Each structure stands twice: as structure tokens, then as C-alpha cells.
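Take a look at the letters that make up each chain.
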Amino acid sequence: MNRPTSFKPLPTFQYFATGLGLLTAAVMMYPATAEASDRHFNRTYESAVLNPGAMELEPWTTWRAGRDAYFSRFDQRLEFEVGVVENLQTALYWNFKAVTADSSVPDATGMGTTRVRSSAFEFSGISSEWKYKLSDAVADAVGSALYGEVSIGPAEVELEAKVIVDKQIGSLLFAANPVFEFEWGMGELETEKEIKTGVAAGAGYFVKPNMVVGVELEQYNKLEHGELEHSRVSAGPSFAVASDRYWLTLSVLPQILAFKGASPDSHLDLSDGEYVQTRILMGFDL
């Protein structure tokens, strides 16, 4: 039986070390300035919004790697963000993905299976985001905002809602986002419905006014037909640096533990989730 080599995970400390090395290289490139609207976490949203009329262009790249069989996926998002009125901003995204993965197919004898590796690139759809700031993370007891996003693609529709809370105390920054998603997948025979819930949370320290070193955590749940099918948690380092015209964030999140859906002989969910997710996100003032 022909079995292509599957993805081999690195130990968690090596993911941390990789992120730290990339951060060190990035810090050398950036002067010590920052804006209130800069992102300080990679996956955890904060309450700050753009000023009315301000615009940003934000390219995203997310790499997801490693499942039961070989799996590598790149998600690309290009976001155009604009401040609408005081405390309100909106954004439009173009979404793409490229996947290389192994799948099992019948072998030549018809008695067994063999693995075949294939690749695909596709346009995933467009997304519209709205975010309304309720309170400020520095001036008020706690920062807060409401976030909504709708995504429409060739084969699915997704609604996402977040509650954003954050707080900066001196050089310390904390943020958390309870997340709720409803997804409809349009198949040839029927529409499949999924509900996803979870929490993204981050804690960071301002090493400089323009640099935050922190850690992020994602807890993710997927319900299908009213039953919890997958539940897992990922955690790892998150870094942010900024200049007067652009900013950058980086996170490396290996999967830590699966509460539901763990693969055989593993404590991880490798049928629906991955060994590790890495994301780099940049923002450019227009």
C-alpha cells in the first residue's frame, strides 16, 4: 500500500521558539510608534475602531497544518476597512483558500485503499464586517464592542457574532471574545447546518509602546444535528509590532487538547482540527 508521508508535528516548545525568532526579526524593522486602532493580538479582537473616514488595507495569511493524514491549508483574506461614524467601522473581505491533502481511494485490486494527494485553490467568497465600540479599554472600567460578520460563498453562507471585552492596565493588555457562528453548507442534495461556538482570549505586555508580546488561546466547539461533535483548545504565542503607517501581528497556535472528537491513539482532534495554525496579519493606513 502506498502511503505518502504525513505531517509530523513539532513539539510545542519549538512552535514557541519559531514565533519568538520571527518576532525578533520583525522588531528590528519597526520604529517605536503606534496608533489606537492597531491590532495587538492576532486572533483576539479589541474594542478600538478606526476614526470616521480613516481606511486600512489588511492582508491575512493563515496556515493550518497536520491531520490524521497529510494536510496543509492556506487561507488568504484581503480586508478593506473604513471608519464610518464615531465608534462604528465596517470592512469588506475577499476570501481564498488553497488545500493540499491526502484522501483514501480504492486501490487497483478493489480490495483495499491507497492514499492519493491532491491540491485545490478556490475563491471562498466575500465577507462584510460591522463593529460598534461601546466603551474604551483605557478610559473606562472595561472596553467593549459588538461585532457581526456575514460571509457568502459559492457553497456556503455563514453568520458570525462576537462580544468583545478588553482592558489595558499600564503595560498589561487583556482581551476576550465569546464567538457564535451559524453556517449553512449548500450541498447537491441537502443543506447542511452547523453551529460553532467558542472563546478567543489574549494577554499581552507592552515591551515598547509599539510592541506587544503575549499569549493567545482559542477554545472551539462544533455542533452538527444538535450534537457536539468536536471540541478542542489551542494556545500559543502572539506578537505585535507597529510603525506610523502599518502594523503586523503573528501567532503560532498548536492544538493542546481535544475534549470531543479526539483521533484514535491521540489526545488531539485531527479529523476536524490541525496540529498547528499560524497566522500573520498586517494593516496599512490608506
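Everything below is about the structure printed above this text.
What comes next is a walk through the structure. (Residues numbered from 1 in each chain as written. Predicted model: local features only at pLDDT ≥ 70, side-chain atom pairs only at ≥ 80, totals over all residues. Heavy atoms only, no water.)

1. Describing the overall build of the chain
Point 1. A tally of helices and strands in the chain yields 1 helix and 12 strands.
Point 2. In sequence order, the secondary structure elements of the chain are arranged as α-β-β-β-β-β-β-β-β-β-β-β-β.
Point 3. Per-residue burial over the chain gives 43% buried out of 286 residues.
Point 4. When the accessible area of the chain is evaluated, it comes to approximately 14400 Å², of which 63% is carbon and sulfur surface. (Helix = DSSP H or I, 4+ residues; strand = E, 2+ residues; numbered from the N terminus. Buried < 20%, exposed > 50% of the residue type's maximum accessible area, 1.4 Å probe, protein only. Areas by Shrake-Rupley, 256 points an atom, 1.4 Å probe, with all protein chains shown as cover.)

2. Topic: empty space enclosed by the protein
In this approach a probe as big as a water molecule rolls over the atoms, and the regions it shows empty are the leftover space.
Point 1. Taken as a whole, this structure holds 3 cavities of 30 Å³ or more when the rule is applied.
Point 2. For the second largest cavity, the calculated volume is near 50 Å³.
Point 3. Every residue lining the second largest cavity is counted, 11 residues in all, and those nearest its centre are His 40, Asn 210, Ala 240, Val 241 and Ala 242.
Point 4. Sorting the residues of the lining of the second largest cavity by element identifies strand E9 (211-224) and strand E10 (227-242) as the ones contributing at least two each.
Point 5. The biggest single contributor to the lining of the second largest cavity is E10, with 3 residues.
Point 6. The residue inventory of the lining of the second largest cavity, partitioned by class, reads 7 nonpolar, 2 polar and 2 charged. (1 Å grid on protein atoms, 1.4 Å probe; cavity = no way out; pocket = protein on both sides within 12 Å on 5 of 7 lines; lining within 4 Å. Points joined across faces, edges and corners; volume = space filled by probe spheres on them. Nonpolar A, V, L, I, M, F, W, Y, C, P; charged D, E, K, R; others polar.)

3. Here we look at the side chain of Asn 210
Point 1. Following the sequence through the fold, Asn 210 ends up in the loop between strand E8 (191-208) and E9.
Point 2. Given a relative accessible area of 6%, Asn 210 falls into the buried group.
Point 3. A polar contact of 3.0 Å, which involves the side chain of Asn 210, links it to the backbone oxygen of Ala 242. (Polar contact = N/O pair within 3.5 Å; in protein donor to acceptor, adjacent residues only side chain to side chain.)

4. Observations concerning the environment of Ala 258
Point 1. Turning to its location among the elements, Ala 258 is positioned in strand E11 (residues 246-260).
Point 2. Looking at Ala 258, the relative accessible area reads 11%, which means it is buried.
Point 3. Separated by 26 residues in the primary sequence, Ala 258 and Arg 232 place their C-alpha atoms 4.0 Å from one another.
Point 4. When neighbours within four sequence positions are excluded, Ala 258 is seen to be in contact with Ser 231, Arg 232, His 267, Leu 268 and Asp 269. (Contact = heavy atoms within 4.5 Å.)

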